[in-house]
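Descriptive structure summary
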Amino acid sequence: MTLEIGGLTVRFGGVTALSEVDLTVRPGELVGLIGPNGAGKTTLFDCLTRRRDPVAGRMLFETGELGGLPPYEVAGRGIARTFQHLGLFPGLSVRENVMVGAHRHGRSGFGAAALRLARSRREEREIHRIADEVLERMGLLPLADHPAAHLPHGTLKRIEIARALAVRPRLLLLDEPISGLGQDEVAEIARLIRDAHFVSGAAIIVVEHHMEFVMGLCGRIVCLDSGRKIADGPPDRVSRDPAVIDACLGVAP
């Protein structure tokens, strides 16, 4: 078991964003999380990464409970995410943005880094190596020294995925990785996610509104509607579920 969510409930005032959601993701699974706007998809990611506290439920990742952890410890547990709205540092280079993700592999404290001790220098070289390895796999190494500002939107999406992969996650959460992209870019992101899944062996959950993309990419689909899980299964079965069609597909594919 990689992830087990049980009875997860989140309320915003009088609005229930998640209502007793149960979800298990096994090691190495590639799961699509779909649903209309406001269904609770990003809220679920926010709970897993400790950006939001549920009012009830449990979140077990591998052998540990996530509830109560400070957000900065989440990456240390092997969980990484991207964001629906890009969260890059425009003033840093592409490499430096990716190194932010790789820094979870360092062990030296602030003092060692400030004094440039040998251990700190070795760790910095290793973080640099991890970042460049991911950048090469994502086709971004030629841009490594370029500032992240003013790069095309599709390139920024790839950089954000690269930063998450630099964590070397055991669970990767991708929040709308193809929003705003053209068809050729969508196909490239699908290829990169499949490659990352194969190389890393990580469990991946993809939130996406692009039904053709998510149905073709993921081996299992989970659908939320108004904070409740209404379907969970193989893409062909979920795509024919009347409740899913009514909630977010509109017509049977």
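Computed from a prediction, not measured in an experiment: that's the story for all the values here.

1. Brief notes about helix H1 (residues 41-48)
With seven of eight residues buried, H1 lies mostly within the body of the structure. Looking one or two residues beyond H1, the residue adopting positive phi is arginine 50, at roughly 65°.

2. As for the pattern of salt bridges
Under the definition given, this model contains 18 salt bridges. The residue arginine 95 makes a salt bridge to aspartate 145 at a minimum N-O spacing of 2.5 Å. Here arginine 95 is found in helix H2 (residues 94-102), whereas its partner aspartate 145 is found in the loop between helix H4 (118-137) and helix H5 (153-166), with 50 residues between them in sequence. Exposure remark for aspartate 145: the relative accessible area of 62% places this residue in the exposed category. For glutamate 133, the salt bridge identified is with arginine 129, shortest N-O distance 3.1 Å. A residue pair is termed a helical-turn pair when its members lie 3 or 4 positions apart in one helix, as glutamate 133 and arginine 129 do in helix H4 at four residues. Overall, the relative accessible area of 37% leaves arginine 129 in the partly exposed class. Residues joined in a network through salt bridges with shared partners are Arg26, Glu29, Arg220, Lys229 and Asp232.

3. Description of the sheet that holds strand E8 (residues 203-207)
Strand pairing within a sheet occurs via backbone hydrogen bonds; the two strands may be parallel or antiparallel. Strand order across the open sheet formed by six strands is E6-E7-E8-E3-E9-E10, with mixed pairing between neighbours. Looking at strand neighbours, the two that pair on one side only are strand E6 (79-81) and strand E10 (228-233), the edges of this open sheet. The average angle at which neighbouring strand axes cross in this sheet is 15°, direction not considered. Relative to strand E9 (residues 220-225), strand E3 (residues 30-34) runs parallel, the two being bridged by four bridges. Paired with leucine 33 across the bridge in E9 is valine 222.

4. Comments concerning the nonpolar core
Ranked by size, the top nonpolar core spans 48 residues in total, and within it Ile34, Met138, Ile159, Ile189, Val206, Phe213 and Val214 carry the most contacts. Here this core takes seven residues from H5, the largest share from any one element. Non-local contacts of isoleucine 159, meaning those with residues more than four positions away in its chain, are made with Leu88, Val94, Asn97, Val98, Leu140 and Leu151. Residues Ala39, Phe61, Ile79 and Leu224 belong to the second largest nonpolar core, which totals 29 residues.

5. A look at the sheet that holds strand E1 (residues 3-12)
An order of E2-E1-E4-E5 is seen for the four strands of this open sheet, with the pairing classed as antiparallel. In the strand order of this sheet, the two ends are held by strand E2 (15-25) and strand E5 (64-65), each with one partner. Note that strand E4 (residues 56-61) and E5 share two bridges and pair antiparallel. In the strand pairing of E5, phenylalanine 61 is matched with glycine 64. Contacting E1, E2 and E4, H1 runs over the sheet at an angle of about 115° to E1.

So, how was this worked out
- Residues numbered from 1 in each chain as written.
- Predicted model: local features only at pLDDT ≥ 70, side-chain atom pairs only at ≥ 80, totals over all residues.
- Heavy atoms only, no water.
- Buried < 20%, exposed > 50% of the residue type's maximum accessible area, 1.4 Å probe, protein only.
- Helix = DSSP H or I, 4+ residues; strand = E, 2+ residues; numbered from the N terminus.
- Salt bridge = Lys/Arg side-chain N within 4 Å of Asp/Glu carboxyl O.
- Pairing = 2+ DSSP bridges.
- Axes fitted to C-alpha atoms, helices over the stretch in contact; angles between N-to-C directions.
- Core = buried A, V, L, I, M, F, W, Y, C linked by side-chain atoms within 4.5 Å.
- Contact = heavy atoms within 4.5 Å.

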